[in-house]
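Architecture and fold: a report
Residue-level listing of the chains:
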Amino acid sequence: MQGSARRRPFPAAAPGSPPSVGTHFPGRHGAGKGEDTSKTSPFHLDLWFYFTLQNWVLDFGRPIAMIILPLEWFPLNKPSAGDYFHMAYNVITPFLLLKLIERSPKTLPRSMVYVSIIMFVMGASIHLVGDSVNHRLIFSGYQHHLSVRENPIIKNLKPETLIDSFELLYYYDEYLGHSMWYIPFFLILFIYFTGCFTPVAEESRMPVAALLLLGPSSLYYWYLVTEGQIFILYIFTFFAMMALVMHQKRKGLVLDSNGLFLFSSFIITLLLIAAWVAWLWNDRILRKKYPGVIYIPEPWAFYTLHVNNLLPAKESF
C-alpha cells in the first residue's frame, strides 16, 4: 500500500508539447536580460505628444500667462496663473517620465529612477517658489538682464541685508532649484535612452508623426537649456548619448524610433543654441551679465532688455 501511494514523477514532455502546470518559468529579471536586444517598442506618439504639449503650455507658457492675464485677477501677494501652471507641471511631468520608463523594452534600474523622480519633484518645487517671486518682481521694475545688486529697485533697499535675502532667493531659483530639477530630468532621459536600441535596421526610422514633433520638441529643449543655464549638463548628456550610440553600433545595434527621436531632438537643439549665441555674440550688455567662456544668454533676459523696453515706446505712438 505504501509503495502504491508514492507520487510518481511527471514524465518528460514530448518535444513541441506545451509545458505542464508545474513547470517553472524563469523570473522577470532573468528573462529581461535575454530580451534587452530582441524586444523593441513602437513610437510612443501619445507620450511624446503629451510631453511636448505640457512643456510648451505649463513650462514655457507660465511666465507668458502671468504677463498677459490681468493683474487684478492675480494680485502680487497671491500666486499667479504661472504658479498654477508650474504646480501642474510638477505633477504631470514625473508621471509622464514614469510612464516613459515603463515602456522601455529594457529592464532599467528602478531605484535610480525613483530617487531621480523624488529629486526632480523637490527641485521643481524649490524653483516654483523662487521663480514665482522673481517673475512677480518684473511688475515692480526688476530687470532680468541685470544682476541682483545692479537692479535699481534692489539698490535702494534698506537695510542692505535685504539684498542678501534677494540673492539667497536668486540662488534657490537659478542654482539649487535648477540643479535638483534638471539633473534628474536629463538622467531619466538618458536611462531611458539606454534601452532604445534594436538589432533590426528597418526599425531605426521615425514615422511622420515623429518628424512633426521634432521641431517643437527641439525648440523647447533650446528654451530649457538657455533659460535654465544648463548647457554643461545638456552637452555632457549629449556626449554620453553619442558615445553610447557608437558603442552599441559595434555590437550591431541601432537606435529605434524613440531613441532616434530623442537623439535627433538633442542634435537640433545644439544647432539652435549655436544660432542663438551667434546672433547675440556682440551684445555688450548681455556679455556683462553672462561673463566667462560659456556665453549663453537667457531668453527672458533678452526680453527685458530688448523687447520689454519697446512696449512703452509703441504705446506712446
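Residue positions are given per chain, counting from 1 as you read along its sequence in written order. With the structure being a predicted model, the display of local features is reserved for residues of pLDDT at least 70 and the display and counting of side-chain atom pairs for 80 or more, all residues being used for whole-chain, interface and lining totals. In computing side-chain values, all of the structure's heavy atoms are included and hydrogens and water are not.

1. Overview of the overall build of the chain
What counts here: Counting from the N terminus, the helices are the DSSP runs of H or I reaching at least four residues and the strands are the DSSP runs of E reaching at least two. Exposure categories follow from relative accessible area, calculated using a 1.4 Å probe and restricted to protein chains: below 20% of the type maximum is buried, above 50% is exposed, and the middle band is partly exposed. Contacts were defined at the residue level, with two residues in contact if any of their heavy atoms lie within 4.5 Å. All accessibility values rest on the Shrake-Rupley procedure with a 1.4 Å probe; residue burial counts only the protein chains present in the view.
Helix and strand content of the chain: 13 helices and two strands. By residue count, 43% of the 317 residues in the chain fall in the buried class. Partitioning the intrachain contacts of the chain with sequence separation of at least 6 by distance along the chain shows that 79% fall at a separation of at least 24. A total accessible area of about 18,000 Å² is found for the chain, and carbon and sulfur atoms account for 67% of it.

2. Things to note about the pattern of salt bridges
Applicable threshold: Any Lys or Arg side-chain nitrogen found within 4 Å of a carboxyl oxygen on Asp or Glu counts as a salt bridge.
What the rule picks out here adds up to six salt bridges. Residue aspartate 131 pairs with arginine 62 through a salt bridge whose shortest N-O separation is 2.5 Å. Here the residue aspartate 131 occupies a position in helix H5 (residues 110-136), and arginine 62 occupies one in helix H3 (residues 45-68), the gap between them amounting to 69 residues. With a closest N to O distance of 2.9 Å, glutamate 167 and arginine 149 form a salt bridge. Of the two residues, glutamate 167 sits in helix H7 (residues 161-193) while arginine 149 sits in the loop between H5 and helix H6 (152-155), which places them 18 residues apart along the sequence.

3. Structural notes on the UniProt feature "transmembrane region" (unreviewed entry) in the chain
For the record, the criterion: UniProt positions are given in the numbering used here, feature names are shortened, and annotations may be inferred rather than shown by experiment.
Per the UniProt entry, the sites bearing "transmembrane region" (unreviewed entry) are residues 47-69, 84-101, 113-130, 181-201, 208-224, 230-247 and 259-281 in this numbering. For residues 208-224, the end-to-end C-alpha separation is 25 Å, with 100% helix and 0% strand making up the annotated structure. Secondary structure over residues 259-281 splits into 91% helix and 0% strand, and the C-alpha atoms at its two ends are 33 Å apart.

4. Let's talk about the environment of lysine 288
Mapped onto the elements of the fold, lysine 288 is located in helix H11 (residues 284-289). Judged by relative accessible area, which is 62%, lysine 288 ranks as exposed. Separated by 143 residues in sequence, lysine 288 and histidine 145 have C-alpha atoms that sit 9.0 Å apart.

5. Thoughts on the packing of aromatic side chains
Just so we agree on the cut-off: Only rings of Phe, Tyr and Trp enter the pairing, Trp through its six-membered ring, and a pair is recorded when the two centres are within 6.5 Å. The plane angle decides the type: under 30 degrees is stacked, over 60 is edge-to-face, the rest tilted. In this scheme, the term charge over a ring applies when either NZ of a lysine or CZ of an arginine sits within 6 Å of the ring centre and within 35 degrees of the ring normal.
All chains considered together, the criterion is met by 32 aromatic pairs. On the numbers, 6.3 Å between centres and 40 degrees between planes, the contact of tyrosine 89 with phenylalanine 120 is tilted. Of this pair, tyrosine 89 sits in helix H4 (residues 81-102) while phenylalanine 120 is found in helix H5, placing the two residues 31 residues apart along the sequence. Seen in terms of ring centroids, tyrosine 220 and tyrosine 221 are 6.1 Å apart; in terms of plane orientation they differ by 55 degrees. Their pairing is tilted. Neither residue differs from the other here; tyrosine 220 and tyrosine 221 are each classed as buried. A cation sits over an aromatic face here: arginine 287 above tryptophan 281, 4.1 Å from the ring centre.

6. Brief notes about the environment of glutamine 229
Operational definition: Pairing of N or O atoms within 3.5 Å defines a polar contact, subject to two protein rules: one partner must be a possible hydrogen donor and the other a possible acceptor, and residues neighboring in sequence count only if both atoms are side-chain atoms.
Turning to its location among the elements, glutamine 229 is positioned in the loop between helix H8 (208-228) and helix H9 (231-250). A residue is classified by how much of its surface remains accessible, and glutamine 229, at 35% relative accessible area, is partly exposed. In this structure, the C-alpha to C-alpha distance between glutamine 229 and serine 179, residues 50 residues apart in sequence, is 9.9 Å. When neighbours within four sequence positions are excluded, glutamine 229 is seen to be in contact with Leu224, Tyr290, Ile296, Pro297 and Glu298. A polar side-chain atom of glutamine 229 sits 2.7 Å from the main-chain carbonyl oxygen of isoleucine 296.

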